[in-house]
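This is what each chain is made of:
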Amino acid sequence: MSWIPFKIGQPKKQIVPKTVERDFEREYGKLQQLEEQTKRLQKDMKKSTDADLAMSKSAVKISLDLLSNPLCEQDQDFLNMVTALDMAMKRMDAFNQEKVNQIQKTVIEPLKRFGSVFPSLNMAVKRREQALQDYRRLQAKVEKYEEKEKTGPVLAKLHQAREELRPVQEDFEAKNKQLLDEMPRFYGSRLDYFQPSFESLIRAQVVYYSEMHKIFGDLTQQLDQPGHSDEQRERENEAKLSELRALSIVADD
Amino acid sequence: MESKDPPGKENLGTKRKNLAFLRPRLYMLERRKTDTVVEGVVPGDHSGVLRRSQSDRTEYSQKLQEKMSPQANGPTAASPTPEEELQMGQMMAKRAKIIKELIQTERDYANDLELCVREVVQPLRNKQIERLDVDCLFSNMESVHQVSAKLLSLLEEATTNVEPDMQVIGEVFLQIKGPMEEIYKIYCYQHDKAQSLLESYEKEEELMQHLGPCLQSLKKIYMQEARPALLDMGSLLIKPVQRLLKYPLLLCALRRATPPAHPDRRALEEACAALRDAAASINELKRRKELVLKYKKNDEDESLKDKLSKLNIHSISKKSKRVTNHLKILTRGESQVKDNTFNKEEKLFRSLEKTVRQCMKNISFCLQDIQDALPFALQRVTELREMSQHPDQEERSSAENPRFAPDLCHDFAAQLQRRVLNPLSALLSLFPGPQKLIQKRYDKLLDYNSYLQRSERAESDLAKKEYEALNAQLVEELQAFNQAARTILINGLCSFGGLLRDLMLAAQQGYATILPVPRLVSSLGEIQNQILVKVQNLNFVKENSATFIERKLSFEKKKSIQTQPEVPRQTETHRSHLLSTYSAEGLYQAKRKCNATQEHDIDLLEGELVAVVEQKDPLGSTSRWLVDTGIVKGYVYSSFLKPYNPAKAQRADTETRLCDDDFDDISFFVSWRPGSDSVSGTPEGSISDSSSSLSGTCGKCETKGSDVDGFQEVDEQIFYAVHAFQARSNYELSLQEYQRVHILRFCDLSGNKEWWLAEAHGQKGYVPANYLGKMTYA
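A quick note: this is a predicted structure, and the numbers were derived from the prediction, not measured. Residue positions are given per chain, counting from 1 as you read along its sequence in written order. Labels are handed out in written order, letters beginning with A for the chains and numbers beginning with 1 for the ligands. In keeping with the model being predicted, local features are shown solely for residues with a pLDDT of at least 70 and side-chain atom pairs are shown and tallied solely at 80 or more, while totals for entire chains, interfaces and linings include all residues. Note that the side-chain values use all heavy atoms of the structure and ignore hydrogens as well as water.

Asks: Residues and numbers for the confidence of the model for chain A, please.
Replies: In this model, chain A carries a mean pLDDT of 82, and residues with pLDDT of at least 70 account for 91%. Note: pLDDT gives the predictor's confidence per residue, expressed from 0 to 100. Any two residues whose heavy atoms approach within 4.5 Å at even a single point are treated as in contact. Counted against residues more than four places away or in other chains, residues 6-11 of chain A, with its pLDDT under 50, gives two contacts.

This is the structure:
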């Protein structure tokens, strides 16, 4: 009512207590953050699985290209080796696909379902806001009439305004209470909700990587009949390279 | 020989010979001027002694003969006694001299080598100086020394305590020829490289500090033994090369001094030929290498200017000849010289190159992907964990937060780089050299072919020689190349596999530490569903879903209002009124059902009769006509109208009626009657319908609709297929485009409004709602 801001002595009546408003903001803020997190994680999870798939696809491409190479036709040993490699790569791809499916089912889908609750929440919060505004408006009306001189028509209007105010006020209070009550519960539910997803994700990864370890362990055993160590191989490479460089057809001088 | 005082008369000869040794460069220059056959000898050729053609060598042996002649020819000329005895005696004396010289020089030579090895090579090897490539400098001098020592001992064995008549020198050489050729081949092959290396070393103070003392001590020994002063390191290095060339000469001389009856004669002849062959083959080897170097260098260091300057008539004609020849071979399948070994090796080489290149590329891509994927996945894990754990737990677990991924990936990348990518890229960089040579070889082959065809003897020989040299070199070295390249490639792949294995193990362990004992997976869905149900039961969710439904319904309501015309339908009385009021020409019938789209438009049902008042609309467009339905006047698109034919209409009426009767028999709902039956549409129908949709249940809508006005409801239930639809199961109904169907229910059993229960030709089934339209003019 007053045109002078911060006028002391005649504060605008606080229809919602500050603490309540603060609690509400806090709870809602947490949930907004959670929504943001859920959305982002869902998107990133998808990206991550895509990256995983790209990885195994590119690994498969290595062996496929090797297989299609004419070198394989001329060299049986090489062909055997490449076939073994190809097998390992394909198995890796298959397992990877399986892992991604698993993650899709146990992580991304639940994330999505959880995320689908948020629109309702936001809607509810919006409705509360709407109700609050109605409440404020009617409250202001009532106050206006209260301040006026108590003439007959004014009293009648005041009465009418109060009548209008009551259901709106009740509506708002119910909504407010409900949200204040339910938001923390919703927020709390995320822990139990995501824990299984998390565990499942880890499990999928552990299973996948242990399978991969097995596959590539087998592969290296298959490839390394003489059982070269990496250092030996490195040395051999060096020796071969210098051997090559010594050839007159390549000598780089 | 050059290091030792030859006895007596030979002094002069030796000096001349020494001169001859210093002259190869001179020869080269001379030859370059005179010898037109060899075009463009390698510039700056310092390869030296071995690089001597046959003519050089003959010249050389002539000198040797000159040297020998004074003693050989002198006496015979002085005392021309016919007695063979004397001649034999002279020959044997000469022979003994030559043998003595052979052994003496060999001894000196072996001694030199030994000194060199002892005083220079060994100390340098022991010092292990990083920048001093002892192996390259001295090559296999030790082996050369061993061979020489062996030869010496064999020679001594063959001569001491053996009667001159029985001394067989040729055998000794034949015996040692094999290993000798092998060892000298390596040494000679490396020699010019060693020479250039030495030159470069001599420019560097630091290296000379190492070389100098060795050389000094060597010189000191030479002084003590009163031998000719050692010039420098270069003369030391060249000794084996010189020595090798001297063997055939000495043997030839020996052969000439050997009487035909002597047992050594035949052996000597063989040995002489064998050693000449050996020298020639070593020479050829060197020539090949030089040829290779020449062509390899060709393009590398040249600027555009050089190339242009080289572009003369000769080269152009040569190139064009090659091209035409190539075309000839391609088109006419002309016979050409083939080398299967080479072709095989070349194919192998090319596929190796391709493989290595692809492998490199793919592996680097894969590495990139792995580097992208692994840390990213882990980040997600961390995030999800943050969401799924209580704050207090988070505190605890962040301590054991898995930080393995970045390091892991980094390690993996580094290892992969070192063990796989680096060797492969090094290997890849070696491919262009041989490629160029292979190309050159083809060129030479083409030259050779073309000369062959035109039978130009001299040129053909040269081309053949060049081609064969290049080919032989390529075949030999490509084999080695391919072998080595294959080994490196396979090693790379093995390492790649091993690295992947390690990576996987590390990743597995990393993840396992996050969650040591995972729970059973089966409960996951249940747990989450329970929680979701709880969440759904929260009031704000429930309320919201209610409002969603409300909104959806209100939306539908609005739509239905739009589509429901509130125009009363034509009745029989209206029709007769029209028929009586207007002339037959002015009467039209609606071909199809049409809905109002603009203001003042009217709705028509199929078959409804209208009288055209004006064949244009207020804007003058003739596509919309002003018509009178007997109830209202309004505009209709003329394309919906057809002239009214009373007889036909009558027949159609009866037909549809028959049809309808059938439907009445088999279907439980009241069928729609055609417009000619003048069904009166009531506004209540549509209103009640929309109000029923407000109540939110479709079943109710239907029943209510049919209660209020069967016909109206029937009208509401006529839809047309906008698209054809193929039933996928018994529960679905196939639709033709434009086919008319009755909709029995506007939702399926579970209340899904996307699927409607439709009926056509006595069959019932579900069809997708969005395939249907109220109108067929779509």
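From this point, the narrative continues.
Asks: Could you give an account of the UniProt feature "coiled-coil region" (unreviewed entry) in chain A, with specific residues and numbers?
Replies: Using the residue numbers shown here, the UniProt feature "coiled-coil region" (unreviewed entry) corresponds to residues 24-51 and 121-148 of chain A. Between the end C-alpha atoms of residues 121-148 of chain A there is a gap of 40 Å, over a span that is 96% helix and 0% strand. UniProt positions are given in the numbering used here, feature names are shortened, and annotations may be inferred rather than shown by experiment. Helix and strand assignments follow DSSP, with helices taken as H or I runs no shorter than four residues and strands as E runs no shorter than two, numbered in order from the N terminus.

Asks: Break down helix α5 (residues 152-223) of chain A for me, citing the residues and quoting the values.
Replies: Given a rise of 1.5 Å per residue, 72 residues ought to cover 106 Å, and the 103 Å separating the end C-alpha atoms of α5(A) matches this to within 8%. To get the bend at any residue, fit one axis to the seven residues that end at it and another to the seven that begin at it, then take the angle between the two axes. A maximum bend of about 30 degrees is found in α5(A) at A:Phe194, where proline A:Pro196 lies one to four positions downstream. Each helix should span, by expectation, one fewer than its residue count multiplied by 1.5 Å.

Asks: Explain the pattern of salt bridges to me, and be specific about the residues and the numbers.
Replies: Residue and element names in this part refer to chain B. Each salt bridge in this description consists of a side-chain nitrogen of Lys or Arg and a carboxyl oxygen of Asp or Glu lying within 4 Å of one another. Applying the stated criterion across every chain, the model contains 29 salt bridges over all chains. With its nearest N and O atoms 3.2 Å apart, the salt bridge here joins arginine 265 to glutamate 269. Within this pair, arginine 265 and its partner glutamate 269 are both found in helix α10 (residues 264-300), separated by four residues, close to a single helical turn. Here's how the labels work: a residue is buried when its accessible area is under 20% of the maximum for its type, exposed when over 50%, partly exposed in between, all with a 1.4 Å probe on protein chains only. We classify glutamate 269 as partly exposed; its relative accessible area is 36%.

Asks: How would you summarise the packing of helix α7 (residues 169-202) of chain B against helix α9 (residues 233-256) of chain B if you had to cite specific residues and measurements?
Replies: Residue and element names in this part refer to chain B. Working convention: axes come from line fits to C-alpha atoms, limited for helices to the stretch in contact. Angles between N-to-C directions cover 0 to 180 degrees. Running from N to C, α7 and α9 cross one another at 150 degrees; their axes reach a closest spacing of 9 Å. The orientation of α7 with respect to α9, classified from their angle, is roughly antiparallel. In this structure, α7 crosses over α9, and the sense of that crossing is left-handed. Residues Ile169, Phe173, Met180, Tyr184, Tyr187, Cys188, His191, Gln195 and Leu198 of α7 touch α9, and the partners they reach there are Met233, Gly234, Leu237, Ile238, Pro240, Val241, Arg243, Leu244, Tyr247, Leu251 and Leu254. Each residue gets one of three labels, nonpolar for Ala, Val, Leu, Ile, Met, Phe, Trp, Tyr, Cys and Pro, charged for Asp, Glu, Lys and Arg, and polar for the others, Gly among them. Tallied by class, the residues present in the contact of α7 with α9 amount to 16 nonpolar, three polar and one charged. Any angle that is under 35 degrees is reported as roughly parallel, and any over 145 degrees as roughly antiparallel; angles of 65 to 115 degrees are reported as roughly perpendicular and all others as oblique. By convention the crossing between two helices is left-handed if the near helix lies anticlockwise of the far one by an angle smaller than a right angle, and right-handed if it lies clockwise.

Asks: Tell me what's going on with the confidence of the model for chain B, and back it up with residues and numbers.
Replies: Keep in mind that low pLDDT regions are not for reading the predicted coordinates in detail. Residue and element names in this part refer to chain B. With 65% of its residues at a pLDDT of at least 70, chain B reaches an overall mean of 69. Predicted confidence for residues 1-57 stays below pLDDT 50, and this span has 82 contacts to residues more than four positions away or in other chains. Below a pLDDT of 50 lies the segment residues 649-713, which in the model reaches 87 contacts outside its immediate sequence neighbourhood of four places, other chains included. Here the prediction assigns the complex a pTM of 0.53, and the interface score ipTM is 0.79.

Asks: Describe the packing of aromatic side chains, with residues and values.
Replies: Aromatic rings from Phe, Tyr and Trp, taking only the six-membered ring of Trp, are treated as a pair when their centres fall within 6.5 Å; an angle between ring planes under 30 degrees marks them as stacked, one over 60 as edge-to-face, and anything in between as tilted. Under the definition given, this model contains 18 aromatic pairs over all chains. Between A:Phe24 and A:Tyr28, the ring centres sit 6.1 Å apart and the planes meet at 25 degrees, which makes this aromatic pair stacked. In this pair, A:Phe24 and A:Tyr28 both sit in helix α1 (residues 18-67), four residues apart, roughly one turn of the helix. An aromatic cluster is present here, built from A:Phe114, A:Phe118, A:Phe186, A:Tyr193 and A:Phe194 joined pairwise through their rings. Criterion for a charge above a ring: Arg CZ or Lys NZ at most 6 Å from the ring centre, at most 35 degrees from the ring normal. Looking at A:Lys144, its charged tip hangs above the ring of A:Tyr145, at a distance of 5.3 Å from the centre. The side chain of B:Arg441 reaches across the aromatic face of B:Phe342, ending 3.5 Å from its centre.

Asks: Could you give me a rundown of the pairing of strand β6 (residues 718-721) of chain B, with the residues and numbers involved?
Replies: Residues and elements named next belong to chain B. Both faces of β6 are covered, namely the face carrying Ile718 and Tyr720 and the face carrying Phe719 and Ala721. If DSSP finds at least two bridges between two strands, the strands pair. Here β6 pairs with strand β7 (residues 740-745) via three bridges, running antiparallel. For isoleucine 718, the partnering residue across the bridge sits in β7 and is histidine 742. Examined bridge by bridge, β6 and strand β10 (residues 772-773) share two bridges and lie antiparallel to one another. From the neighbouring strand, tyrosine 720 faces β10, where its bridge partner is glycine 773.

Asks: Residue-level account of the sheet that holds β7(B), with values.
Replies: Read from one edge of the open sheet, five strands run β9-β8-β7-β6-β10 (chain B), paired in antiparallel fashion. Looking at the sheet topology across the chains shown, the edges are occupied by β9 (763-768) and β10 of chain B.

Asks: How would you sum up the nonpolar core? Please name residues and give values.
Replies: The definition of a nonpolar core used throughout is a set of buried Ala, Val, Leu, Ile, Met, Phe, Trp, Tyr and Cys residues joined through side-chain atoms within 4.5 Å. If you look at the biggest cluster of nonpolar residues, it comprises 111 residues, and the most contacted ones within it are A:Phe78, A:Phe216, A:Leu244, B:Leu424, B:Leu427, B:Phe496 and B:Leu500. Sort the elements by how many residues they give to this core and helix α17 (residues 457-514) of chain B lands first, with 20 residues. In this structure A:Phe216 touches A:Ala88, A:Met89, A:Met92, B:Gly497, B:Leu500, B:Arg501 and B:Met504, once residues within four positions along its chain are discounted. In terms of nonpolar packing, the next biggest core, distinct from the first, is built from 64 residues, B:Ile183, B:Leu207, B:Leu237 and B:Leu254 among them.

Asks: I'd like to hear about the interface of chain B and chain A, residue by residue, with values.
Replies: With 91 residues of chain B at the contact, the number on the chain A side is 92 residues. With both chains or domains summed, chain B and chain A bury close to 8,600 Å², and 68% of this area falls on carbon and sulfur atoms. Our count for the chain B to chain A interface comes out at zero salt bridges. For the purposes of these results, a polar contact is taken to be a pair of N or O atoms within 3.5 Å, where, inside protein, one atom must be able to donate a hydrogen and its partner to accept one; residues adjacent in sequence count only when each atom of the pair is a side-chain atom. Applying the counting rule to chain B against chain A returns five residue pairs in polar contact (both at pLDDT 80 or more). Put simply, the parts of the chain that give the side of chain B that touches chain A at least two residues each are α10, α13 (340-388), α15 (404-429), α16 (432-454), α17, α18 (523-537) and α19 (539-563) of chain B. Its residues placed into classes, the side of chain B that touches chain A shows 54 nonpolar, 20 polar and 17 charged. Throughout, buried area stands for the accessible area (probe radius 1.4 Å) lost by two parts on being put together, summed over both.

Asks: Pulling in residues and values, what's your account of the sheet that holds strand β2 (residues 609-614) of chain B?
Replies: Residues and elements named next belong to chain B. Taken together, five strands build an open sheet; the order of strands is β4-β3-β2-β1-β5 and the sheet is antiparallel. In the strand order of this sheet, the two ends are held by β4 (633-637) and β5 (641-643), each with one partner. Taken over all neighbouring pairs, the strand axes of this sheet differ in orientation by 50 degrees on average, direction set aside. Sheet analysis places strand β3 (residues 624-628) next to β4, joined by five bridges and oriented antiparallel. Bridge pairing in β4 links tryptophan 625 to valine 636. Along the sheet face, helix α20 (residues 572-581) touches β1 (587-590), β2 and β3 and points at about 40 degrees away from the line of β2.

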